[in-house]
Amino acid sequence: MQIGNERPVMAEPVGDIRNGDFMLYGANCLVLFYDSFSTGYSYTRLGRVENPEGLSAALGSGGAVIAFQKQ
């Protein structure tokens, strides 16, 4: 998901991505991972989905809309 304003970047090589990781790629691309794998890319870690079980099935094979709400 591209976002309009750039965010502070503290990218580092993450090595392993886990299902439910929420990261920033570059300065304006939010990424929510729904599968686990190894990578050589660098990301800024933002957080994790607490219970990512079923995330892949919920997102399906098409596009998805994810909304964020400040609490």
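Residues numbered from 1 in each chain as written. Predicted model: local features only at pLDDT ≥ 70, side-chain atom pairs only at ≥ 80, totals over all residues. Heavy atoms only, no water.

Novice: Help me understand the overall build of the chain, please; the structure alone is not making it clear to me.
Specialist: The secondary structure content of the chain amounts to 1 helix and 6 strands. Counting from the amino terminus, the chain carries its helices and strands in the arrangement β-β-β-β-β-β-α. When burial is assessed residue by residue, the chain has 27% of its 71 residues classed as buried. Sequence-distant contacts, at least 24 apart, represent 44% of the contacts inside the chain between residues at least 6 apart. Within the structure as shown, the chain displays about 5400 Å² of accessible surface, and the carbon and sulfur contribution to it stands at 50%. (Helix = DSSP H or I, 4+ residues; strand = E, 2+ residues; numbered from the N terminus. Buried < 20%, exposed > 50% of the residue type's maximum accessible area, 1.4 Å probe, protein only. Contact = heavy atoms within 4.5 Å. Areas by Shrake-Rupley, 256 points an atom, 1.4 Å probe, with all protein chains shown as cover.)

Novice: Can you help me understand the nonpolar core in this one?
Specialist: Nonpolar side chains in soluble globular proteins tend to end up buried together. Counting 7 residues, the largest nonpolar core is built from V14, I17, M23, C29, V31, F33 and Y43. Contacts of M23, omitting those with residues within four sequence positions, involve V14, I17, C29, L30, V31, F33, Y43, T44, R45 and L46. (Core = buried A, V, L, I, M, F, W, Y, C linked by side-chain atoms within 4.5 Å.)

Novice: Would you mind showing me how to read the environment of F37 here?
Specialist: Among the secondary structure elements, F37 is positioned in strand 5 (residues 37-38). Since its relative accessible area comes to 37%, F37 is described here as partly exposed. Between the alpha carbons of F37 and D16 there is a distance of 5.8 Å; along the sequence they are 21 residues apart. Ignoring anything within four residues of it in the chain, the contact list for F37 reads G15, D16 and I17.

Novice: Looking at this structure, how should I read the sheet that holds strand 3 (residues 21-25)?
Specialist: What links the strands of a sheet is backbone hydrogen bonding, and the strands pair in either a parallel or an antiparallel sense. Sheet architecture is open: 4 strands sit in the order 1-6-3-4, paired in antiparallel fashion. Each edge of the open sheet is held by one strand with a lone partner, namely strand 1 (12-13) and strand 4 (29-32). Relative to strand 6 (residues 42-48), strand 1 runs antiparallel, the two being bridged by 2 bridges. Bridge assignment links E12 to a residue of strand 6, and that residue is Y43. (Pairing = 2+ DSSP bridges.)

Novice: I keep staring at the environment of Y25 and nothing clicks. Help me out?
Specialist: Position of Y25 among the secondary structure elements: in strand 3. Separated by 19 residues in sequence, Y25 and T44 place their C-alpha atoms 6.6 Å apart. If sequence neighbours within four positions are ignored, Y25 has contacts with V31, Y41, S42 and Y43.

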